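Tertiary structure, described
As a plain string of letters, each chain reads:
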Amino acid sequence: MTILVTGGAGYIGSHCVRALAAAGYDCVVYDNLSSGHREAVYGFPLVAGDLSDVKKLKATLSDLKIGGVVHFAAHSLVAESVADPLKYYENNIGGTVSLLAAMRTCGVDKIVFSSSAAVYGAPGRTPITEAAPAKPVNPYGETKLAIERLLRAADTAYGMKSVALRYFNAAGAAPDGNIGEAHAVETHLVPLVLREARTNGGSLKVFGGDYPTPDGSAVRDYVHVLDLADAHVLALQYLINGGKSGCFNLGTGSGASVLEIIQAARDVTGADIAYELAGRRAGDPAVLVAGADKAKRVLGWRPSRSGLFTMIRDAYRWHSRHPDGFGK
């Protein structure tokens, strides 16, 4: 079966393409390369196109006999979504509407969607299960939740089956060091910590040192990008085997604090990583940890690579070999 991976030139998407290929699927990447990287797609066919181009989408789905879609393509910066919500609603939701319309026309009825724990906002309890109220606190999370609702409606109306994977904090990279995390504007903790390990630039800030956590810094649930990729493969197979539409959390169920991440990076790199404490950021909860029993029970998913040392070691290998990202 040939699978279309939208956004397959991005961080998680490019790792998923590899995982799908290893599982025996033929993959075609569809990406406008606005934030993805052509170099991340090496060895796989790439259609350079935007989701708004319904004609190209239909031609791709039809001509290449696509049997299912894994959908990553989206803008994903929380702060940018607050500053420019129209950009996020138009691209994330509008692009998905175009994709589903093209899929319906071409008879493609299975889609795995890259959702986010951002749909939960700032829940009062952890671990967070799928039963927790969905109350996003920013436009990025709002678009992810709106797409989930659209997918449910498409199932009811057209019989289009979908799985939405709500994952927490992706980290790590392919162990061979050939693909990894490369953003024009980096906001994720692990690459920022590893940048400090490489440059000793003195710019690393820890936001909040007085949370009600063991060391006072915020706790998050980090998942290796390869474990996330495996979950997408399992979700696709679940749909092919006749599984019902649904949503699944992806996380380890145990969090790591910001200071624990810094110490693990020191252990991996041998660098004395300096940081300074800054005030809490508005809206940042003390602890966000996933309850992922449903994914384990229904999909058979096991996050086997998500130990802190492994994630940071793999990420450091990538960043050390590609300090300026792809193609540099």
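Given the structure is predicted, the values throughout are model-derived calculations rather than measurements.

Some points on the state of the cysteines
The full count for this structure, using the stated rule, is zero disulfides. There is no disulfide at Cys-27, and the cysteine sulfur nearest it, in Cys-16, is 7.3 Å away. Overall, the relative accessible area of 6% leaves Cys-27 in the buried class.

So, the packing of aromatic side chains
Centre distance and the angle of the planes are the two values used to describe a pair of aromatic rings. Scanning the model with the defined rule gives two aromatic pairs in all. On the numbers, 6.0 Å between centres and 80° between planes, the contact of Tyr-238 with Phe-248 is edge-to-face. With Tyr-238 in helix 7 (residues 225–240) and Phe-248 in strand 11 (residues 246–250), this pair connects stretches of sequence that are 10 residues apart. Take Tyr-238: its relative accessible area is 19%, and that puts it in the buried class. Ring centres of Trp-318 and Phe-326 lie 4.8 Å apart, and the angle between their planes is 45°; this geometry places the pair in the tilted category. For the pair Trp-318 and Phe-326, one class covers both residues: buried. The aromatic ring of Tyr-211 is capped on one face by Arg-280, whose charged end is 4.3 Å from the ring centroid. Between Lys-294 and the ring centre of Phe-248, over which it is positioned, the NZ or CZ distance is 4.7 Å.

Details of the sheet that holds strand 11
Strand order in this open sheet of seven strands is 3-2-1-4-5-6-11, and the pairing throughout is parallel. Pairing within the sheet leaves two strands with one partner each, and these edge strands are strand 3 (46–48) and strand 11. Geometrically, the sheet is characterised by an average inter-axis angle of 20° between neighbouring strands, direction not taken into account. Here strand 1 (residues 2–6) runs beside strand 4 (residues 66–71); their pairing, made up of five bridges, is parallel. In the sheet register, Thr-2 faces strand 4, and the bridge partner there is Ile-66. Sitting on the sheet, helix 5 (residues 139–158) touches strand 5 (110–116), strand 6 (161–167) and strand 11, and the angle it makes with strand 5 is about 155°. Each of strand 1, strand 4, strand 5, strand 6 and strand 11 touches helix 7; the most contacted strand, strand 6, lies at about 160° to it.

Brief notes about the sheet that holds strand 9 (residues 219–220)
The three strands are arranged 12-9-14 in an open sheet whose pairing can be described as mixed. Each having just a single partner strand, strand 12 (256–257) and strand 14 (287–288) make up the two edges of the open sheet.

Side note on the nonpolar core
Counting 37 residues, the largest nonpolar core has Ile-12, Leu-20, Leu-165 and Leu-250 as the members making the most contacts within it. Within the residue set of this core, elements represented by two or more residues are strand 1, helix 1 (11–22), strand 2 (26–31), strand 6, helix 7, strand 11 and helix 9 (293–299).

Some points on the pattern of salt bridges
Considering all chains together, one arrives at 11 salt bridges under this definition. The partner of Lys-161 in a salt bridge is Asp-155, and the shortest N-O contact between them spans 2.9 Å. The residue Arg-313 makes a salt bridge to Asp-314 at a minimum N-O spacing of 3.2 Å. You can call Arg-313 partly exposed: its relative accessible area is 34%. Each of Asp-227, Asp-230 and Arg-305 takes part in one network of salt bridges that share partners.

What to know about helix 10 (residues 308–321)
In this model helix 10 runs 20 Å from its N-terminal to its C-terminal C-alpha over 14 residues, within 8% of the 20 Å that 1.5 Å per residue would give. Among all positions in helix 10, only Met-311, Ile-312, Asp-314, Ala-315, Trp-318 and His-319 are buried. All buried residues of helix 10 project into a common sector of 160° when viewed along the axis, lining one side. Next to the buried residues of helix 10 lie strand 7 (169–171), helix 6 (189–199), strand 10 (222–224) and helix 8 (258–269).

Here's the deal with the environment of Ser-203
Tracing the chain through its elements places Ser-203 in the loop between helix 6 and strand 8 (205–207). Sequence separation between Ser-203 and Gly-172 is 31 residues; the distance between their C-alpha atoms is 22 Å.

Thoughts on the packing of helix 2 (residues 54–63) against helix 4 (residues 85–106)
Working note: a packed helix pair is described by the angle between its axes plus the distance between those axes. Following both chains from N to C, one finds helix 2 and helix 4 inclined at 40°, their axes separated by 9 Å at the closest point. When the axes of helix 2 and helix 4 are compared, the pair comes out oblique. The handedness of the crossing between helix 2 and helix 4 is right-handed. For the pair helix 2 and helix 4, the contacting residues are Val-54, Leu-57, Lys-58, Leu-61 and Ser-62 in the first and Ser-98, Leu-99, Ala-102, Met-103, Thr-105 and Cys-106 in the second. Looking at the contact of helix 2 with helix 4, its residues break down into seven nonpolar, three polar and one charged.

A short note on the pairing of strand 4
Within strand 4, five of the six residues are buried, leaving the element largely enclosed by the surrounding structure. Relative to strand 5, strand 4 runs parallel, the two being bridged by three bridges. Each residue of the ladder has a partner; that of Val-70, found in strand 5, is Val-112.

Definitions and limits used
- Residues numbered from 1 in each chain as written.
- Predicted model: local features only at pLDDT ≥ 70, side-chain atom pairs only at ≥ 80, totals over all residues.
- Heavy atoms only, no water.
- Disulfide = S-S within 2.5 Å.
- Buried < 20%, exposed > 50% of the residue type's maximum accessible area, 1.4 Å probe, protein only.
- Phe/Tyr/Trp six-rings, centres within 6.5 Å; stacked < 30°, edge-to-face > 60°.
- Helix = DSSP H or I, 4+ residues; strand = E, 2+ residues; numbered from the N terminus.
- Lys NZ or Arg CZ within 6 Å of the ring centre and 35° of its normal.
- Pairing = 2+ DSSP bridges.
- Axes fitted to C-alpha atoms, helices over the stretch in contact; angles between N-to-C directions.
- Contact = heavy atoms within 4.5 Å.
- Core = buried A, V, L, I, M, F, W, Y, C linked by side-chain atoms within 4.5 Å.
- Salt bridge = Lys/Arg side-chain N within 4 Å of Asp/Glu carboxyl O.
- Expected span 1.5 Å × (residues − 1).
- Arc of directions from axis to C-beta.
- Parallel < 35°, antiparallel > 145°, perpendicular 65-115°, else oblique.
- Left-handed = near helix turned anticlockwise from the far one by under 90°.
- Nonpolar A, V, L, I, M, F, W, Y, C, P; charged D, E, K, R; others polar.

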